[in-house]
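# Fold and geometry: a report
Here is how the chains run, residue by residue.
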Amino acid sequence: MPQRVLIAGTSPLLAGRLAARFLAAADRAAETEVVLLSVVRSRPGAPAPGREELARFVTEPGSGAEGPGALDAGRLTVVCVEPDGVDAELKSWTAQQVWCVVPGWDPSRLRGARADAALAGSLLAALPGLGARRYVQVGQDPAPDDDRARRSCRDLERPAVEACLDSGVSWRMLRTAPVVDARAPALGECPPGAHRLLWALDSVRAEVADRVPDWFERQPLRVAGAAGLGLPLLTAERAAGELWRAGAPGDLPDGFASVPQPVPVPLTDVLARAGAVHGIDVRPVSDRSAFNAVDRLLDLRLTGVRRHAVRLREAAPARPSGAAEAARSGAPPRGTSRSEPDGSDTAATAPGEAPPAPSADGTAPSEDAPPLSPAGQWELFGAVRSGRAAPDAARGTGELRQRVVDVAGRPLVLFEGGSGEGPPLLVLNALGQGPGFLTRLCAHLAPHHRVVTWQVRGTEREDPPWGTRHQLDDIDAVLRAVGAERAHLLGWCTGAKIATAFQQHRPEAVASLVFLNATFRQNDRWDGMDTKYESDLAAVCRALDRRPEKAAWMLDLLAPGAAGGGGSPGARDAGVLGVLSRALADEVRRPFRDAEVFVRYARQLVDLWRLDSAAQAPRVAVPTLFVCSEFDGISSPARAREAARCFPHARYAELAVAGHYAPHDRPVLVAELITEFVRAPREVADLVRYAEITWHIDTEGTAR
């Protein structure tokens, strides 16, 4: 008898692999239709796949459980919706089997838990209307010592069991560990464990190569804390097969089961193979005392990987079977753990409850599945790297549209892109700078916001003197040109003070403020907090304001190319991460390219330093986000922290091992901070949790 299976998930990777399993069975039985409902919200660095992309992923050759051929796309319907559109979409469908795939792989636990709970709640409420006879929920299989994840898992399972019992629907609660799959990057996914490790290596390699391409040909990358740990490398195809066997057959009793995990591969081995794939010599060390800045950056990005790793068991001459060992210890064998609806664990199987997840032949699995072979690891890691390079390259080439508008009788060059709902994001560039500093950041913001920036005026030879007041007039003109009554203002470097002044000038036109590597330098205030670069620049600019004829001689006094520095006094050396990106070599010289431009730039800065932002800040009533960098050798992070305390609704995030040009060097992370802040300003510190971010200021302006 024909049936319809509805698979709804927050992981398009795992939900898609499950859909392929059902289609493979349907090709043999010719009786199953599959509806794949992808419930994923795009964010920078993790774009949600579209309907056609998901359909190709599910039906492509080799995606199904059996055979290399393509699957029948005629039996597949793909629907992509935002989380808040699930309830309305479910009214259009009926299904005999309903699968809820919520494996909890979002890097933000708060964001992920909310999305998973919302999807599960919508599906459970819709079961009567769907006509479902069977409900299967796929959640995470937490590490034994991750109490928070275990509670989250039980909080999802308990209401699901109760709802199914109330509605008379048979049910299965399944759990799976994180998976690894070559197609994950193309689908915007980075599951915990192996994928986060591969991302950490790739991101560090890219950030260093952007400065010194051959760095890793001469330097090793040191890693600590890997000894005695291992990663279970569970492929998505294998996990989907086990889940399908454990949940699809209609004659299975209600109950709980977990996918058996492979024998963990030593973390040192995984790092060595993954490093070789990326052209990096990864060397395990016993401690972090000799770490340089690059080692520190990788160490921070591996924090979550170590949390999901497992302790390796010591080899023993003989070991009892999983069932015998569980019988003696009273604990369930690994891969067959069971949980009751009240959250308690039990090793017993009561009458009518589910047995452990069966293997391919229908028998209970052994305690440990075979590990992925070394050759398989090499092939998989290389495929993941190749899969990540393609979407990253495509996103990095996006360009903003350019047009010219007339303001005060003179042309103003606008750059626009994106089409997000709500107020646009106006990006205020630093004085004297071109758009090149922010190109990468805007490319990652444009898929989620309407982004507008412009060429700051006042330094070109044909420009009249253009002070702070004129910059405010330009923001007014940009708002009119793009047809917006309100906007989120993003100010980089000196743009932060101008954004603050505009909020005071027209408070009703500003929805929020974001300051990136902000300089709040002000005459006679916050003395002693200048970086060396700021001190030198201030002395030169004041001298030029009085004696402009000295400009040609003073051009050689500044070295903007050395813009990494050691950051705050006492900070560790930035090393290669303090070297300027090759892509910015010409940009940093823009205000210093000749004497006349230099004088104009100097006078703009002198005018800006007279602005009393400290007096304006307490009257700023909108949410404000500061994003600064540990190794900022241009704008003082210490002064930015003190300035943030003056804003009533400010949050301050500091990026570890980053420099002044973090919006260019780490555009995905900065874009994610901005995107989540605009969506939920009071929760951004909880929504964006990474080991390389330190949150200092809360919404009441007090230090954390």
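Here the structure is a predicted model, which is why all the values come from computation and not from measurement.

What counts and what doesn't
Residues numbered from 1 in each chain as written. Predicted model: local features only at pLDDT ≥ 70, side-chain atom pairs only at ≥ 80, totals over all residues. Heavy atoms only, no water. Pairing = 2+ DSSP bridges. Helix = DSSP H or I, 4+ residues; strand = E, 2+ residues; numbered from the N terminus. Axes fitted to C-alpha atoms, helices over the stretch in contact; angles between N-to-C directions. Contact = heavy atoms within 4.5 Å. Phe/Tyr/Trp six-rings, centres within 6.5 Å; stacked < 30°, edge-to-face > 60°. Buried < 20%, exposed > 50% of the residue type's maximum accessible area, 1.4 Å probe, protein only. Lys NZ or Arg CZ within 6 Å of the ring centre and 35° of its normal. Core = buried A, V, L, I, M, F, W, Y, C linked by side-chain atoms within 4.5 Å. Salt bridge = Lys/Arg side-chain N within 4 Å of Asp/Glu carboxyl O. Right-handed = clockwise from strand over helix to strand, strands pointing away. Polar contact = N/O pair within 3.5 Å; in protein donor to acceptor, adjacent residues only side chain to side chain. Parallel < 35°, antiparallel > 145°, perpendicular 65-115°, else oblique. Nonpolar A, V, L, I, M, F, W, Y, C, P; charged D, E, K, R; others polar. pLDDT = per-residue confidence, 0-100.

Taken together, the seven strands give an open sheet; going across it, the order is E3-E2-E1-E4-E5-E6-E11, and neighbouring strands pair in parallel fashion. Of all strands in the sheet, those bounded by a partner on one side alone are strand E3 (76-81) and strand E11 (255-258). Neighbouring strand axes in the sheet, compared pairwise and without regard to direction, differ in orientation by 15 degrees on average. Across the sheet, helix H4 (residues 109-130) touches strand E1 (3-9), strand E2 (32-39), strand E4 (97-101) and strand E5 (134-140), and the angle it forms with E4 is around 175 degrees.

Scanning the entire structure with this criterion turns up 15 aromatic pairs. Ring centres of Trp171 and Phe256 lie 5.3 Å apart, and the angle between their planes is 75 degrees; on these two criteria the pair is classed as edge-to-face. Here the residue Trp171 occupies a position in strand E6 (residues 170-176), and Phe256 occupies one in strand E11, the gap between them amounting to 85 residues. Judged by its relative accessible area of 4%, Phe256 is buried. An aromatic cluster of three or more residues is present, and its members are Phe515, Phe520, Phe626, Phe647 and Tyr652. Arg521 extends its terminal NZ or CZ atom over the ring of Trp609, reaching a point 4.8 Å from the ring centre.

Core analysis: the biggest nonpolar cluster contains 101 residues, and Leu426 and Phe626 have the highest contact counts within it. For this core, the leading source of residues is helix H19 (residues 595-609), giving eight residues. If sequence neighbours within four positions are ignored, Leu426 has contacts with Val452, Trp454, Ile475, Val478, Leu479, Ala487, His488, Leu489 and Leu490. In terms of nonpolar packing, the next biggest core, distinct from the first, is built from 41 residues, Leu197, Phe216, Ala226 and Ala656 among them.

Turning our attention to the pattern of salt bridges. This structure, assessed with the given rule, holds 47 salt bridges. We note a salt bridge from Arg218 to Asp214, for which the minimum N-O separation is 3.3 Å. Arg218 gets classed as partly exposed once you look at its relative accessible area, which sits at 49%. Among the residues examined, Asp214 registers a relative accessible area of 33% and is labelled partly exposed.

Quick look at the pairing of E4 now. Of all the five residues making up E4, five are buried; the element is thus mostly covered by neighbouring parts of the structure. Covered by surrounding structure in E4 are Gln97, Trp99 and Val101 together with Val98 and Cys100, the residues of both alternating faces. Relative to E4, E1 runs parallel, the two sharing five bridges. Looking across to E4, one finds that Gly9 is bridged to Val101. Note: E4 against E5, five bridges, orientation parallel. In the sheet register, Cys100 faces E5, and the bridge partner there is Gln137. With H4 bridging E4 and its parallel neighbour E5, the resulting β-α-β unit is right-handed.

For His278, the location among the structural elements is in the loop between helix H9 (267-277) and strand E13 (282-285). With relative accessibility at 4%, the residue His278 sits in the buried group. A polar contact of 3.5 Å, which involves the side chain of His278, links it to the side chain of Asp202. Every residue in contact with His278, bar those within four places of it in the chain, is listed here: Leu198, Leu201, Asp202, Arg205 and Arg385.

With that out of the way, let us pick up the side chain of Ser203. Locating Ser203 in the fold gives a position in helix H6 (residues 194-209). When its relative accessible area of 16% is taken as the criterion, Ser203 is described as buried. Within polar-contact distance, the side chain of Ser203 engages the backbone oxygen of Ala200 at 3.0 Å.

Attention shifts here to the packing of helix H17 (residues 532-546) against H19. Here H17 crosses H19 at 105 degrees, and the two axes come no closer than 9 Å. Accordingly, the angle class assigned to the pair H17 and H19 is roughly perpendicular. Touching Leu537, Ala538, Val540, Cys541, Arg542, Leu544 and Asp545 of H17 are Phe598, Val599, Ala602, Arg603, Leu605, Val606 and Trp609, all from H19. Partitioned by chemical class, the residues of the contact of H17 with H19 number 11 nonpolar, no polar and three charged.

Topologically, Val179 is positioned in strand E7 (residues 179-180). By relative accessible area, which is 2% here, Val179 ends up buried. Considering only alpha carbons, one finds Val179 and Ala236, 57 residues apart in sequence, at a separation of 5.1 Å. When neighbours within four sequence positions are excluded, Val179 is seen to be in contact with Leu13, Trp105, Pro191, His195, Leu234, Thr235, Ala236 and Ala239.

A few words on helix H16 (residues 495-505). Of all 11 residues that make up H16, nine are buried, and the element is covered over most of its length. Within H16, burial applies to Gly495, Ala496, Lys497, Ile498, Ala499, Thr500, Ala501, Phe502 and Gln503. Buried residues belonging to H16 abut strand E19 (425-428), helix H15 (468-481), strand E21 (487-492), strand E22 (510-516), H19 and helix H20 (613-616).

Before going further, it helps to spend a moment on the sheet that holds strand E9 (residues 229-231). In spatial order, the strands read E12-E9-E14; together these three strands make up an open sheet with antiparallel pairing. At either end of the open sheet lies a strand with only one pairing partner, and these are strand E12 (265-266) and strand E14 (310-311).

Time to look at the confidence of the model for the chain. For the chain, per-residue confidence averages 86 on the pLDDT scale, and 86% of positions sit at 70 or higher. Here residues 393-397 is a poorly scored stretch, pLDDT under 50, and it has four contacts once near neighbours within four places are set aside; other chains count. Taken together, the stretch residues 561-570 has pLDDT below 50 and engages in 23 contacts with residues farther than four places along the chain or on a different chain.

For the rest of this paragraph, the subject is the pairing of E19. Taking every second residue as pointing to the same face, both faces of E19 are buried, with Leu425 and Val427 on one and Leu426 and Leu428 on the other. Once you follow E19 into helix H14 (residues 439-445) and on to strand E20 (residues 451-454), the crossover reads as right-handed. Judged from the four bridges that link them, E19 and E21 form a sheet pairing that is parallel. Along E21, the bridge assignment pairs Val427 with Leu490.

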